[in-house]
Amino acid sequence: MYCCNSKITLVVAAAGVGKRMGLGYPKQFLEIDGKPLFLKVLEVAEKTDLVKNIIVVTGEESVEYVESECLRNQIFKVSKVISGGSERQYSIEKALAHCSNDSIIAVQDGVRPFLKESYFFEALKILKSDIKIDGVVVGVPLKDTIKKIDSDGFVVETPKRSEFIAVHTPQIFRGDILKKAYSKATEDNFLGTDDSSLVERIGGKIKVLLGSYDNIKITTVEDLKHL
């Protein structure tokens, strides 16, 4: 049975290539204050009692580098560093093979460095409050008006902004349904946009936890001004 005292297995996605940054190497390895970007995520997880262990998924050529950086920076909760797949979804699925069905699993982007311990705490409370809730995703309300357009760029509809959320990570789930969702996606040859979308398509109930607009994903050079 899950409870708010359950410990989380954190899967960190750090296998992206990061072409849009134009660095010549993956953006998760960009050094900020002498440390690669992905370590900011690991340091938060290392310090909180809510995280039991960490699995890092990275490029095959980067496994040894990630392992050495974890040791050098005293990140002791990392139980495995594994090579990822050609898509983020395939990378996370490989990590899930090392997670138990009765665990709580959180998935975090390695290039979303402003992770907060409170996200874990609040998500666990939500999961404890209702056994029917299968997962919790951090997100923020949209600030801009959204337009739906057709293939020629003409506006088709202006939906209500209040009905939409910009979704971030972490995304935190009951392990059994997350693993089932990934297995079903593979069976159906379905490629989703995030972890939650896979759980949703098999009928999972997902709750949104309001996060912070500062919880950005470092994607382009312009994003570096926030570091």
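Calculation criteria
- Residues numbered from 1 in each chain as written.
- Predicted model: local features only at pLDDT ≥ 70, side-chain atom pairs only at ≥ 80, totals over all residues.
- Heavy atoms only, no water.
- Axes fitted to C-alpha atoms, helices over the stretch in contact; angles between N-to-C directions.
- Helix = DSSP H or I, 4+ residues; strand = E, 2+ residues; numbered from the N terminus.
- Parallel < 35°, antiparallel > 145°, perpendicular 65-115°, else oblique.
- Left-handed = near helix turned anticlockwise from the far one by under 90°.
- Contact = heavy atoms within 4.5 Å.
- Nonpolar A, V, L, I, M, F, W, Y, C, P; charged D, E, K, R; others polar.
- Phe/Tyr/Trp six-rings, centres within 6.5 Å; stacked < 30°, edge-to-face > 60°.
- Buried < 20%, exposed > 50% of the residue type's maximum accessible area, 1.4 Å probe, protein only.

> I keep staring at the packing of helix 3 (residues 88-96) against helix 5 (residues 175-188) and nothing clicks. Help me out?
Relative orientation and spacing of two packed helices are given, respectively, by the angle between their axes and the distance between those axes. Where helix 3 meets helix 5, the axes come as close as 10 Å, and the angle between the chain directions of the two elements is 130 degrees. When the axis of helix 3 is compared with that of helix 5, the two are oblique. Relative to helix 5, helix 3 is oriented so that their crossing is left-handed. Between helix 3 and helix 5, the contacting residues are Arg88, Gln89, Ile92, Glu93 and Leu96 on the first element and Leu178, Lys179, Tyr182, Ser183, Ala185 and Thr186 on the second. Considering only residue class, the contact of helix 3 with helix 5 consists of five nonpolar, three polar and three charged.

> Got a minute to help me understand the packing of aromatic side chains in this structure?
What describes a pair of aromatic rings is the distance from one ring centre to the other and the angle between the planes of the rings. Per the stated rule, a full pass over the model turns up two aromatic pairs. Their ring planes at 80 degrees and their centres at 5.8 Å tell us that phenylalanine 29 and phenylalanine 38 sit as a pair that is edge-to-face. Each member of the pair, phenylalanine 29 together with phenylalanine 38, is buried. Ring geometry for phenylalanine 29 versus tyrosine 65: centroids 5.1 Å apart, planes at 85 degrees, classification edge-to-face. Note that phenylalanine 29 is positioned in the loop between strand 1 (8-14) and strand 2 (31-32) and tyrosine 65 in helix 2 (residues 63-72), a separation of 36 residues in sequence. Judged by its relative accessible area of 10%, phenylalanine 29 is buried.

Limitation: the analysis is restricted to geometry and does not speak to function.
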